[in-house]
Amino acid sequence: MSDLDPEDQKIVTLARSARARTGAAEGAAVRDTDGRTYAATTVALPSLKLTALQAAVAAAVSSGAEGVEAAAVVTAASEVDGDSVAAVRDLTAGAPVLRADASGAVQETV
């Protein structure tokens, strides 16, 4: 998707970087309404399980974000997990969630 907004491309790149850095199945990033970005990967501990997008939203909320402008998930999955989308929607009902493949090509916007 070559006409992707530069700010949206930035969160896709951040999500790809987080995924590559840890070797996780998914990486995600969100941009809050102040323009700050947060990146995370899947958390799979015995006592805590979060999707990458849930973890990124949690990082944003714990830093004081009151809303999300956009989110991106880099994954091999054919869709973004419903609980992941719900985490974004809890903050901002209409925020776009971009699903990208490992190369960073956006496959869909939820």
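Below, the structure is looked at part by part. (Residues numbered from 1 in each chain as written. Predicted model: local features only at pLDDT ≥ 70, side-chain atom pairs only at ≥ 80, totals over all residues. Heavy atoms only, no water.)

We now examine the sheet that holds strand 2 (residues 37–41). Strand order across the open sheet formed by five strands is 2-1-5-6-7, with mixed pairing between neighbours. The sheet is open, and its two borders are formed by strand 2 and strand 7 (106–109), each paired with just one other strand. The sheet shows a mean angle of 20° between the axes of neighbouring strands, taken without regard to direction. Judged from the six bridges that link them, strand 1 (residues 27–32) and strand 5 (residues 68–74) form a sheet pairing that is antiparallel. When the sheet's bridge partners are listed, aspartate 32 is paired in strand 5 with valine 68. Strands in contact with helix 2 (residues 52–62) are strand 1, strand 2, strand 5 and strand 6 (97–100); relative to strand 1, the strand with the most contacts, it is inclined by about 35°. (Pairing = 2+ DSSP bridges. Helix = DSSP H or I, 4+ residues; strand = E, 2+ residues; numbered from the N terminus. Axes fitted to C-alpha atoms, helices over the stretch in contact; angles between N-to-C directions. Contact = heavy atoms within 4.5 Å.)

Turning our eyes to something else, we now look at the pattern of salt bridges. Taken as a whole, this structure holds five salt bridges when the rule is applied. With a closest N to O distance of 2.8 Å, aspartate 32 and arginine 36 form a salt bridge. By relative accessible area, arginine 36 is classed as partly exposed at 34%. Within the structure, one salt-bridge network assembled from shared partners comprises Asp8, Arg31 and Glu69. (Salt bridge = Lys/Arg side-chain N within 4 Å of Asp/Glu carboxyl O. Buried < 20%, exposed > 50% of the residue type's maximum accessible area, 1.4 Å probe, protein only.)

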